[in-house]
Amino acid sequence: MMSGTVVDSGSPTAAVPDELSGQILDEDEDFEVFCKDSTFTDGGSLNASMQTSPGSMVNQYKFEEEEEQPDTKDIFVTVDNPESHVTAIETFITYRVLTKTTRSEFDSSEYEVRRRYQDFFWLKSKLEEAHPTLIVHPLPEKFVMKGMVERFNNDFIETRKRALHKFLNRIAEHPILSCSEDFKIFLTAQAWELASHKKQGPGLLSRMGDTVRAVAASVRGVRNRPEEFNAIQDYVESFSQKMTSLDKITQRIIREKKEYLEELRECGPTYTLWSGSEEELVEPLKQMAGCLDRCCRETEEQVQQLGNNLLPILHEYVLCTETLKAVLRRRDNIQAEFEAKNEALATKRTDTEAMKEEIDKLEDKLEFANNTLKGDWGRWKKSMRADLRAAFINTAEKNVEHYEKCLAVWESFLLSQRTEANEGDDGDRDDS
Amino acid sequence: MMADTGSEEIAVIGNTDLTPSELENNIKNTMVEKGATLLKRMEINVAEAEKRTGKNAVSMQETYTVYLIETRAVDPSSEGANPAPPDSLWRRYSEFELLRNYLLVTYSFVVVPPLPEKRAEFVWHKLSADNMDPDFVERRRVGLENFLLRVASHPVLSNDKIFYSFLTQEQGWKEVVFETGFQAKSDSRLKALNATFRVKNPDKRFAEMKHYGDELQSVISQLLRVRARVADRLYGVYKVHGNYGRVFSEWSAIEREMGDGLQSAGHHMDAYAASVDDILEEEEHYADQLKEYLFYTEALRAVCRKHELCQFELEMAAQDLTSKKQQREELATGTVRTFSLKGMTSKLFGQETPEQREAKIKTLESQIEEGEEMVKDKNAESEEFVKNAWVDIERFREQKDRDLKEALISYAIMQISMCKKGIQVWSNAKECFSKM
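Residue positions are given per chain, counted from 1 along the sequence in the order it is written. To read the labels, note that chains go from A and ligands from 1, taken in the order they are written. Restriction of local features to residues with pLDDT of at least 70 applies here, the model being predicted, together with a cutoff of 80 or more for giving and counting side-chain atom pairs; totals for whole chains, interfaces and linings are based on all residues. No hydrogens and no water enter the side-chain calculation; it runs on all heavy atoms of the structure.

1. Structural notes on the overall build of chain A
Operational definition: Going along the chain from the N terminus, every DSSP run of H or I of four or more residues is numbered as a helix, and every run of E of two or more is numbered as a strand. Accessibility here uses a 1.4 Å probe with only protein chains present; expressed as a share of the type maximum, an area under 20% marks a residue as buried, one over 50% as exposed, and anything in between as partly exposed. Here, residues are in contact when the closest pair of their heavy atoms is within 4.5 Å. Accessible surface is estimated by sampling points in the Shrake-Rupley manner with a 1.4 Å probe; for residues, cover comes only from the protein chains shown.
Helix and strand content of chain A: 10 helices and three strands. Listed by position from the N terminus, the elements making up chain A come as α-β-β-β-α-α-α-α-α-α-α-α-α. Across the 432 residues in chain A, those meeting the buried criterion constitute 45%. Partitioning the intrachain contacts of chain A with sequence separation of at least 6 by distance along the chain shows that 71% fall at a separation of at least 24. In the form shown here, chain A has an accessible surface area of approximately 22200 Å², with 50% of it arising from carbon and sulfur atoms.

What follows is the structure, given as structure tokens:
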């Protein structure tokens, strides 16, 4: 814990005031790690004794994107082992959450707890509350609207489990979010501990106050949104459309492939039936049937891959855009609140000092919000790029594999049919 | 007449006007035998198709397609030198049908090669079922050529004069065909059906063949139906990928670093979507090969039915002879062993005079003599038919085994080609994605 005045930007070893106690500026690592997140949720905790200038704040919360090194990862989280629980009132699934870490804030190096969906949901809400302008990776949807998908169907649980795993890992990788106390409790607390912790936090009235302010601000709207956020907004709009389209297209491809598979399945048996009437042709026909059956199996696998790899990621990014829009909205609200107070000041005659103080706090809050968002935006874009690139590469690879396997099937058929008379019909027809 | 099944070389059709793919089609579609057949002396091909309009039999305007048949004498001595220009004439589908009907009647012991379908059947939805559709016309052109080549290489059919003049005589061919009076010789369906039900001792082999023909027809029909549905679905799968192309392109517009990779990946998605058209066109050839044998089953069954008819007529003649002999015996000995109307009437109306009886016996005797001739003839006819028909059925069977095996192989080759294309496209796409 360091204390003292905050120095100007550029210095990696900035001392921090008491109010920022709990923050650790790690000199050895290239990025600054902040824990203790709850101090910046509302303007109230930024008090006047903080001798910071907006400029210095920028740097303190700057994310050094290029210098994140994978080997500095010191917390590993896995989600697995879904189990069904049946009580008198409800049936639900819990997942095992396993944590391995070397971080000093954790008392132990290994934790194993069981969590259910609503616990994840709670965590997400707390993180968004504490960091309104940070981008929290989306949770899998609460309800699935797709027709008759049974909530406890194996595929559904498997998909959800993977998404929850991703959700926690994204948080663990995030320099700020991973230091969240709520995150730590989520990973380590026993069921009753978690339940009791959930009951704490800002009271109902305070939360309601926040909501009212937010609504008021959103109704008022923002006057001069900085250009960069307009650009982000426009991007998010377009990106959202593209992701939704890609999600739909991929779903359609899966559907079409399944229907193709259904028809293809009839081919093999028909050739087998035919072979029953023939003499000379028995072998070729039976082998033909065998080839078609094998191709069916390969196609089945391919469809499954698509559903397990590409589709969930596209879907995740569709959900991401909702998160992004919410983050932008919250930033807007902060700006709107500030602008509103600022305008009110102009018409006020008395009590201007107190108001000016409030406005300063709001201004700082706005600046902070803008900077965190900008930083996290860069971070998000980077991981989006990596995620989607990997997903599409994987899909292409799987498709190549699929065709290679089918190719082998048919080439072995040719080999077995080859006689001297057919040598001239060699299958070396490379289509140019 | 044994068919020459010794050499199994592919007869090369040497028309340089054909595009490489058409040439490929022809080679794929026609596995013909070289023997003492017309094909050795003459090149035949159906080079073109053209639309014509004219007035039909009831003076109504109609549009139809005519096909150009080109023939050229093969002269081994002029190898290498410029070939003489081919003779040619135009024929429409109905004339092909007329030729075939003539052959069916005249050579009822031959499994006569079928014509390509009159109307498009077993189509998957993107393929037009319209007879005027250029793709359909093209496939029909190939099918008609195939038909001619098969007839020209058949040990029996290729020697037919009517066939020869079909290829060479533009004017008046129809009249010549009708003059043969073949239509009168054709058996009525009713007669044939009757024979099928009532024949007592058909040759077992023919019964088996007929049964085989039924099974083959059923299974190939099923295969063609399944194939059409699979083609439909495959088309859908490929085409949806085209949407990826469009969206990638739009998406690349809002990205900086990812833009190029996305854009080029999108092009590959478009290429992938487009590639299905060629794939399915190639598959159509496979379907055509199957269809030929589907239609062949009808010809096979026709030969078997003809045998049943022959056999039935023989049995009828023999039965008639037997009953006449019996009648003679009865008249001669005066005993009525079997019930007969004559017997009844003579009982009712009194016995005949000895003179009357003599007259009757004499008539019967001559009838019996005729009947014995008839039975002898029918027997010889039937034996001849069985002998010749069985030879042709064996020839057909070997041809079918060869052709269908080839068809399966060419299907595998097509699948390999399709897989290779897929590998290429997705490998390219992967490269582009790596640049995202």
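2. Here's the deal with the packing of aromatic side chains
Our working definition: In this analysis, rings of Phe, Tyr and Trp, with Trp reduced to its six-membered ring, are considered paired at centre separations within 6.5 Å, and the interplanar angle assigns stacked below 30 degrees, edge-to-face beyond 60, and tilted for intermediate values. The rule for a charge over a ring is simple: NZ of Lys or CZ of Arg within 6 Å of the ring centre, and within 35 degrees of the ring normal.
Going through the model one piece at a time under the given rule, you end up with 31 aromatic pairs over all chains. Ring centres 6.4 Å apart and planes at 55 degrees place the aromatic pair Phe 392 of chain A and Trp 251 of chain B in the tilted group. Of this pair, Phe 392 of chain A sits in helix H10 (residues 352–417) while Trp 251 of chain B sits in helix H9 (residues 204–252), on two different chains. These aromatic residues form a ring-pair network of at least three members: Tyr 235, Phe 239, Tyr 317, Trp 377, Trp 380 and Phe 392 of chain A together with Tyr 244, Phe 248, Trp 251 and Phe 433 of chain B. Lying over the aromatic face of Tyr 117 of chain A, Arg 160 of chain A brings its terminal NZ or CZ to 4.1 Å of the ring centre.

3. Some thoughts on the sheet that holds strand E1 (residues 75–86) of chain A
All names here are of chain A. Under the convention used in this document: Two strands are counted as paired when DSSP detects at least two bridges linking them. Here an axis means a line fitted to C-alpha atoms, over the contact stretch when the element is a helix, while the angle between two N-to-C directions is reported on a 0 to 180 degree scale.
Spatially, E1-E2-E3 is the arrangement adopted by the three strands of the open sheet, whose pairing is antiparallel. The outermost strands of the open sheet, each flanked by one partner alone, are E1 and strand E3 (110–116). Between one strand and the next, the sheet's axes are offset by a mean angle of 20 degrees, whatever the strand orientation. Two elements, E1 and strand E2 (residues 91–101), share 10 bridges in a ladder whose sense is antiparallel. Of the residues in E2, the one forming a bridge with Val 86 is Thr 91. Packed onto the sheet, helix H3 (residues 154–173) meets E1 and E2 and runs at close to 145 degrees relative to E1.

4. A closer look at a negative patch on the surface
Residue and element names in this part refer to chain A. Defined as follows: Residues enter patches when their relative accessible area tops 30% and they take part in no salt bridge; the joining distance is 9 Å for like charges and 5 Å for the nonpolar side chains Val, Leu, Ile, Met, Phe, Trp and Tyr. Each reported salt bridge corresponds to a side-chain nitrogen of Lys or Arg within 4 Å of a carboxyl oxygen of Asp or Glu. Only four residue types enter the charge count, namely Lys and Arg as positive and Asp and Glu as negative; His and the chain termini do not. Each charge is placed at NZ for Lys, CZ for Arg, CG for Asp and CD for Glu.
A cluster of like negative charges, contributed by Glu 353, Glu 357, Asp 360, Glu 363 and Asp 364, occupies part of the molecular surface. Tracing the sequence through the fold places Asp 360 in helix H10. The class of Asp 360 is partly exposed, set by a relative accessible area of 43%.

5. Here's the deal with the sheet that holds strand E3 (residues 87–92) of chain B
Residue and element names in this part refer to chain B. Pairing is antiparallel in the open sheet, where three strands are placed in the order E1-E2-E3. Taken across any chain shown, the strands that pair with only one partner, and hence form the sheet edges, are strand E1 (42–55) and E3. Neighbour-to-neighbour, the strand axes of this sheet turn through a mean angle of 25 degrees, independent of strand direction. Where E1 meets strand E2 (residues 61–73), 13 bridges bridge the pair, whose relative direction is antiparallel. Bridged to Thr 53 within E2 is Thr 63. In the packing of helix H4 (residues 134–152) onto the sheet, contacts are made with E1 and E2, and the angle to E1 comes to roughly 135 degrees. The sheet strands contacting helix H5 (residues 161–168) are E1, E2 and E3, and the helix crosses E3 at an angle near 105 degrees.

6. Topic: the domain arrangement of chain B
Where interface size is given, it is often the accessible area lost as the parts come together that is meant. All names here are of chain B. Operational definition: All domain edges in this entry derive from an automatic or database-based domain assignment. Here's the idea: put two parts together, see how much 1.4 Å probe accessible area each one loses, and the total over both is what we call buried area. The term polar contact refers here to a pair of N or O atoms within 3.5 Å; inside protein, the definition further demands a hydrogen-donor-capable atom paired with an acceptor-capable atom, and it admits residues adjacent in sequence only when both atoms are side-chain atoms. Note that Gly is not counted as nonpolar here; it falls among the polar residues with everything else outside the nonpolar set of Ala, Val, Leu, Ile, Met, Phe, Trp, Tyr, Cys and Pro and the charged set of Asp, Glu, Lys and Arg.
Taken as a whole, chain B is organised into domain 1 (1–74 + 84–180) and domain 2 (186–335 + 360–436). Summed over both sides, the interface of domain 1 with domain 2 buries roughly 3200 Å², with 60% coming from carbon and sulfur. Area buried by domain 1 at its contact with domain 2 is led by Val 111, Phe 122 and Trp 124, which between them contribute 25% of it. At the boundary of domain 1 and domain 2, one finds eight residue pairs in polar contact (both at pLDDT 80 or more). Mapped by element, the contributors of at least two residues to the side of domain 1 that touches domain 2 are helix H1 (20–29), helix H3 (93–106) and H4. Counted by class, the side of domain 1 that touches domain 2 contains 18 nonpolar, seven polar and nine charged residues.

7. Re the interface of chain A and chain B
Facing 59 residues of chain A, the contacting portion of chain B comprises 58 residues. Between chain A and chain B lies a buried interface of about 5800 Å² when both sides are counted; carbon and sulfur atoms form 70% of it. Remark: the boundary between chain A and chain B carries seven salt bridges. As a salt-bridge pair, Lys 400 of chain B and Glu 278 of chain A come within 2.6 Å of each other at their nearest N and O atoms. There are 16 residue pairs in polar contact (both at pLDDT 80 or more) connecting chain A and chain B. Of all the elements in the fold, those that place two or more residues in the side of chain A that touches chain B are helix H7 (227–264), helix H8 (267–275), helix H9 (282–347) and H10 of chain A. Along the lines of polarity and charge, the residues of the side of chain A that touches chain B split into 30 nonpolar, 10 polar and 19 charged.

8. Re the side chain of Glu 255 of chain B
Considering the arrangement of structural elements, one finds Glu 255 of chain B in the loop between H9 and helix H10 (259–333). In this structure Glu 255 of chain B comes out as buried when scored by relative accessible area, which is 7%. One polar contact links Glu 255 of chain B to Trp 251 of chain B, side chain to side chain, over a distance of 2.9 Å. Setting aside its immediate chain neighbours within four residues, Glu 255 of chain B contacts Tyr 235, Phe 239, Lys 381 and Met 384 of chain A together with Leu 262 of chain B.

9. Section: the pattern of salt bridges
Residues and elements named next belong to chain A. According to the stated counting rule, one finds 61 salt bridges over all chains in the structure shown. For Arg 114, the salt bridge is made with Glu 83, and the minimal N-O distance between the two is 3.9 Å. With Arg 114 in strand E3 and Glu 83 in strand E1, the pair connects residues that are 31 residues apart, well separated along the chain. The residue Lys 325 makes a salt bridge to Glu 322 at a minimum N-O spacing of 3.9 Å.

10. Comments concerning the environment of Thr 322 of chain B
By secondary structure assignment, the location of Thr 322 of chain B is in helix H10. With 49 residues separating them along the chain, Thr 322 of chain B and Gly 371 of chain B place their C-alpha atoms 9.1 Å apart.

11. Focus: the packing of helix H8 (residues 189–198) of chain B against H10 of chain B
Residue and element names in this part refer to chain B. For the record, the criterion: An angle counts as roughly parallel when it lies under 35 degrees, as roughly antiparallel when it exceeds 145, as roughly perpendicular when it falls between 65 and 115, and as oblique in every other case.
Orientation of H8 relative to H10, taken along the N-to-C sense of each, is 70 degrees, at an axis distance of 8 Å. Taken together, the axes of H8 and H10 are roughly perpendicular relative to one another. Listed contacts from H10 to Arg 189, Lys 191, Ala 192, Asn 194, Ala 195, Thr 196 and Arg 198 of H8 are Arg 305, Glu 308, Leu 309, Phe 312, Glu 313, Glu 315 and Met 316. Among the residues making up the contact of H8 with H10, the classes are represented as five nonpolar, two polar and seven charged.

12. Thoughts on unusual backbone geometry
Residues and elements named next belong to chain A. In the Ramachandran plot, Asn 81 falls in the positive-phi region, its phi being about 55 degrees despite a non-glycine side chain. Along the chain, Asn 81 falls in strand E1. Classification of Asn 81 as partly exposed rests on a relative accessible area of 37%.

13. Section: the confidence of the model for chain B
Residues and elements named next belong to chain B. Short version of the rule: pLDDT measures how confident the predictor is about each residue, on a scale from 0 to 100.
Chain-level statistics for chain B give a pLDDT mean of 84 and a share of 84% at 70 or above. The spread of mean pLDDT over the elements of chain B runs between H1, the lowest at 48, and H9, the highest at 95. Contacts of residues 1–16 to residues separated by more than four positions or lying in other chains number 31 contacts, the stretch itself having pLDDT below 50. Interface scoring of the predicted complex returns ipTM 0.83; its pTM is 0.78.

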